[in-house]
Amino acid sequence: VKELLFTHDHSLVPAETLHALEKQLQPEIERMRTVASSGSYTDERSSINLVADEALQQRVKAAVRKVDLVVVVGIGGSNLGTLAIHEALHGKNHNGLRAPSIYFADTVDADAMADMVVFIERYLERKMHVLLVVISKSGATTETIANFEVLYSLLQKHVEHPHKHVVAITDDGSPFHKLAEQQDFTVLTMPKQVGGRYSVFSAVGLYPLALLGVDTHSLLAGAKHMREKCLAEKNNPAATLAAIQYYHETHGRNIYDTFLFSTDLESIGKWYRQLLGESIGKEHNRAGKQVFVGITPTVSVGSTDLHSVGQLYLGGPQDKLTTFVTVSRTKTLSLPQMPAYEPLVPHIQEKELRHLMHAIEQGVQAAYMDKARPFCHFTLPEKSPYVIGQFLQLHMMATMYLGALMDVNPFDQPNVESYKKETKRILSS
Ligand code: PA5
């Protein structure tokens, strides 16, 4: 069993303060335990019950089929989790290396969509099986419905029964749910109480990942294992992370950088950027008082971004808390023996690339310590479904706990809704 390791020896939070904040979270942990023991979807925290929902897993499994190309049409909470897990497990260069291929249609970027249409048409002309997985909780997001219309019309042009090439994932009873049933699409529903950015372990993430052959059983087992740890009174990593974030936010560090030393984990950072940004960035507190609070999440990739923002992070303002994410076991790739190059960079001949990366990781942490920059550290023993499941579950529960400490509702997004409404108004005029 591979455990995700969370260490915070250099978080620079005084031990007694950390302890007091963890204690302050006990009533919320208790509420979360009640939700978990109910096993139902009646509370806004109930996304934590997805990992134990066997009926859901059966429904997902029954809808899986063999395809050559999966196109996920969805945005925000409807695609970021899938993209994050897919890239973490299969790498950014998956397409062309393994089948089935996968594309993500999110924003209405005419250039990107026009290219995607060309790619998809190549599959369709060769009579290969293309499946559109259209995902929208509300069923009324402009970008998703627009992109779906573009791609569905492509299917109508090329295949005899286009409806058989669509799986729709939406809220039970949403306007799109009704339309999808009328069109005879396969429909998978998600529980109303599970918000988009907490939905990665619902059909929203499980279905497209299962199409790609991901071991979703292991993903959920990792998430469930972490759920139990994050429901505990003591040694609760989600409560500790939330307490550290809260402490720094209230001490002038309201930027939170997830610094991932693995290119293929970048999208995990972006998934968390949405989770933290939308959940905690709020105009009003729970009592309705205007407060304008939030933590600005940033994503950095090591070692690439040391060559862009490393100077700022180590020399700039003391306004950030960093969490490093490193991976212990990666592929093995060794440098050749090339003595002519030894004077340029000594001591790397015949070494493995991962040893270079580990040296950089340790060097960066030593520099952060030297400059008294606070940081936490997640060590992934490997990039497997079980470990990634743990990482995502911990971050979702930590975000709920952080909402409790900051006295904001971590489940709504009223200001995102206002942009959606304005867009619709402009389009209608
Ligand atoms: O977390 C959220 O609720 C949002 O980011 C949504 O996921 C996003 O706006 C897309 O909405 P929908 O799934 O309704 O199309």
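For the structure itself, consult the block above.
Figured I'd write up the structure that's included with this text. All of these numbers come straight from a predicted model, not from anything done at the bench.

Calculation criteria
Residues numbered from 1 in each chain as written. Predicted model: local features only at pLDDT ≥ 70, side-chain atom pairs only at ≥ 80, totals over all residues. Heavy atoms only, no water. Helix = DSSP H or I, 4+ residues; strand = E, 2+ residues; numbered from the N terminus. Buried < 20%, exposed > 50% of the residue type's maximum accessible area, 1.4 Å probe, protein only. Contact = heavy atoms within 4.5 Å. Areas by Shrake-Rupley, 256 points an atom, 1.4 Å probe, with all protein chains shown as cover. Near = heavy atom within 4 Å. Polar contact = N/O pair within 3.5 Å; in protein donor to acceptor, adjacent residues only side chain to side chain. Nonpolar A, V, L, I, M, F, W, Y, C, P; charged D, E, K, R; others polar. Pairing = 2+ DSSP bridges. Right-handed = clockwise from strand over helix to strand, strands pointing away. Axes fitted to C-alpha atoms, helices over the stretch in contact; angles between N-to-C directions. Expected span 1.5 Å × (residues − 1). Arc of directions from axis to C-beta. Salt bridge = Lys/Arg side-chain N within 4 Å of Asp/Glu carboxyl O.

1. A closer look at the overall build of the protein
When its secondary structure is counted, the protein shows 15 helices and 12 strands. Sorting the 429 residues of the protein into buried and exposed places 51% on the buried side. In the protein, the proportion of contacts linking residues at least 24 apart, taken out of those at least 6 apart, comes to 76%. With an accessible surface of roughly 19600 Å², the protein has 54% of that area assigned to carbon and sulfur atoms.

2. Considering the site of the ligand
Surveying the vicinity of the ligand reveals 14 residues, the closest of which are Ser 78, Ser 136, Ser 138, Thr 141 and Gln 274. Within the backbone of Gly 77, an N or O atom sits 2.8 Å from an oxygen atom of the ligand. Here the ligand, which alone exposes 380 Å², has 91% of that area covered by the protein. Looking at the shell around the ligand residue by residue, the class counts come to 1 nonpolar, 9 polar and 4 charged.

3. Notes on the pairing of strand β12 (residues 375–380)
Strand residues, when the strand is regular, have side chains that alternate between the two faces of the sheet. Burial analysis of β12 places 6 of its 6 residues in the buried class, the great majority of the element. Burial of the side chains of β12 extends over both faces: Phe 375, His 377 and Thr 379 are buried on one face and Cys 376, Phe 378 and Leu 380 on the other. Relative to β12, strand β1 (residues 5–7) is paired through 3 bridges, and the arrangement is antiparallel. Pairing of Thr 7 across the sheet is with His 377, part of β12. Where strand β11 (residues 320–327) meets β12, 6 bridges bridge the pair, whose relative direction is parallel. Among the inter-strand pairings, Thr 322 is bridged to a residue of β12, identified as Phe 375. Where the polypeptide runs from β11 across helix α13 (residues 353–370) and back to β12, its parallel neighbour, the crossover connection is right-handed.

4. Thoughts on the sheet that holds strand β4 (residues 130–136)
What the 5 strands build is an open sheet, ordered β3-β2-β4-β5-β6; its pairing is parallel. Every other strand in the sheet has two partners, leaving β3 (101–105) and β6 (186–190) as the edge strands with one partner each. Across the sheet, the axes of successive neighbouring strands diverge by a mean angle of 20°, strand direction being ignored. Pairing of strand β2 (residues 69–73) with β4, which is carried by 5 bridges, proceeds in the parallel orientation. Paired with Val 71 across the two strands is Leu 132, which belongs to β4. Where helix α7 (residues 175–182) meets the sheet, it contacts β4, β5 (166–171) and β6, and its direction lies at approximately 150° from that of β5.

5. Quick look at helix α5 (residues 110–125)
Along its 16 residues, α5 runs 22 Å from first to last C-alpha, staying within 8% of the 22 Å computed at 1.5 Å per residue. Within the sequence span of α5, burial applies to Met 113, Met 116, Val 117, Ile 120, Glu 121, Tyr 123 and Leu 124. Across the axial projection of α5, the buried residues extend over an arc of 155°, all falling on one side. Away from the buried face of α5 by more than 90 degrees, exposed residues Asp 111 and Glu 125 are located. Structurally, the start of α5 carries an N-cap: the backbone nitrogen of Asp 111 is 2.9 Å from a side-chain oxygen of Asp 109. Of the residues trailing α5, Lys 127 is marked for its positive phi of about 60°.

6. Re the pattern of salt bridges
Going through the model one piece at a time under the given rule, you end up with 18 salt bridges. Salt bridges sharing common partners tie together Glu 28, Arg 31, Asp 43 and Arg 45.

7. Observations concerning the sheet that holds β12
Read across the open sheet, the 5 strands follow the order β1-β12-β11-β7-β10; overall the sheet is mixed. What marks the edges here is a single partner per strand, and that holds for β1 and β10 (296–301). Each adjacent strand pair in this sheet contributes to an overall mean axis angle of 15°, direction not counted. Bridge count between strand β7 (residues 255–260) and β10: 6 bridges; the pairing is parallel.

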